[in-house]
Amino acid sequence: GLIDALTTVGQKREEAAPGGPGMEGPPGGGRPEIRGPEDRPNTTTWLSAADRLGDDKRVEKWRETGFTAAVSAPDQGIFAGQAALINLGEGRDPREQIVATPVAQRVSFSSPGGFRSFPGSLMGTLAYIQQVFEDAKYYSSAGAAYVSNPNGRERVTHDRSLEPLVSAIQSGTPFLLPAQLPREFDRALAISDSYGLKTILYGGHGAYDRLDRLEKSRTPVLISLN
């Protein structure tokens, strides 16, 4: 059978929190005030597609078309969450669908919320992504330093946004980064190179204009059929 290499098929659809994913609103509703990267807007790195599997009528359509497996990933927010490889067999319990998880961390360069909320623009989103990776690097090194010699050091506070990123980087789990236009390939590969990520690019329609760089970096590309 065929494998859908990036989809949301198999996941239950849930209503987003006020203000978007990773932006839980204050009591009584309303959009929270996002002041900067420390508020982690649109970041749900801990969210796993494997935990969101449920009744999805699209599964039957995919199966009838010849797809027997899929890499299903959350798709909301900047750091959307963890992808899982699932089996699309008929009548399976969600737990039996899971072949492997996590198989990737999905990242997007688009930020919901508009200009009135951080990051509010492409430039702000890219800066935020870089800041999160810088925070993950520091979080990892500070944690390692504490473990090696805790005397006189303050224990690093657990950060559920950074923990999955550190784990993915250390284990070589791929990061799914978007790239359609040639300049977007440059952007994604620059981030990948800066932080030593194992990267898979998705979208891919402008890949023909960056073949030399893709070949040199041996970066896989998922070409969207949409």
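As shown above, the structure is provided for reference.
Residues numbered from 1 in each chain as written. Predicted model: local features only at pLDDT ≥ 70, side-chain atom pairs only at ≥ 80, totals over all residues. Heavy atoms only, no water.

Chemist: I'd love a proper account of the overall build of the chain, names of residues and values included.
Modeler: Of the regular secondary structure elements, the chain holds six helices and seven strands. When the 226 residues of the chain are sorted by exposure, 42% land in the buried category. The long-range share in the chain, meaning contacts at least 24 apart out of those at least 6 apart in sequence, stands at 62%. Carbon and sulfur atoms make up 50% of the accessible area of the chain, which amounts to about 12600 Å² in all. (Helix = DSSP H or I, 4+ residues; strand = E, 2+ residues; numbered from the N terminus. Buried < 20%, exposed > 50% of the residue type's maximum accessible area, 1.4 Å probe, protein only. Contact = heavy atoms within 4.5 Å. Areas by Shrake-Rupley, 256 points an atom, 1.4 Å probe, with all protein chains shown as cover.)

Chemist: How would you explain the nonpolar core if you had to name every residue and give the values?
Modeler: Among the nonpolar cores identified, the biggest contains 27 residues, and F79, I129, F133, I191 and L201 are the most heavily contacted of them. If you list the elements that add at least two residues to this core, you get α3 (122–148), α4 (162–171), β5 (175–179) and α5 (182–195). Sort the elements by how many residues they give to this core and α3 lands first, with seven residues. Discounting chain neighbours no more than four positions away, the residues touching F79 are N42, T43, T44, T45, R106, V107, Y128, I129, V132, F133 and L165. The next biggest cluster of nonpolar side chains, apart from the first, holds ten residues, and it includes A50, L53, V59 and A84. (Core = buried A, V, L, I, M, F, W, Y, C linked by side-chain atoms within 4.5 Å.)

Chemist: Can you tell me about the pairing of strand β3 (residues 79–87), naming the residues and giving the values?
Modeler: For β3, a buried count of seven out of nine residues is recorded, marking the element as mostly surrounded by other parts of the structure. Both strand β2 (residues 67–72) and β3 contribute to a ladder of four bridges, which runs antiparallel. By the bridge assignment, V71 is partnered in β3 with L85. In textbook terms, the turn of a hairpin is the stretch between consecutive antiparallel strands, and for β2 and β3 this stretch comprises six residues, one of which, G77, has a positive phi near 100°. (Pairing = 2+ DSSP bridges.)

Chemist: Describe unusual backbone geometry, with residues and values.
Modeler: The linkage connecting T101 with the following residue, P102, adopts the cis geometry, with an omega of -10°. For P102, the position within the fold is in strand β4 (residues 98–107). In this structure, N42 is a non-glycine residue whose phi angle is positive, near 50°. Within the fold, N42 resides in the loop between β1 (2–7) and α1 (58–65). Look at N42 and you get buried, because its relative accessible area is 0%. One non-glycine residue with positive phi stands out, namely R218, at about 50°. Along the chain, R218 turns up in the loop between α6 (211–217) and β7 (221–223).

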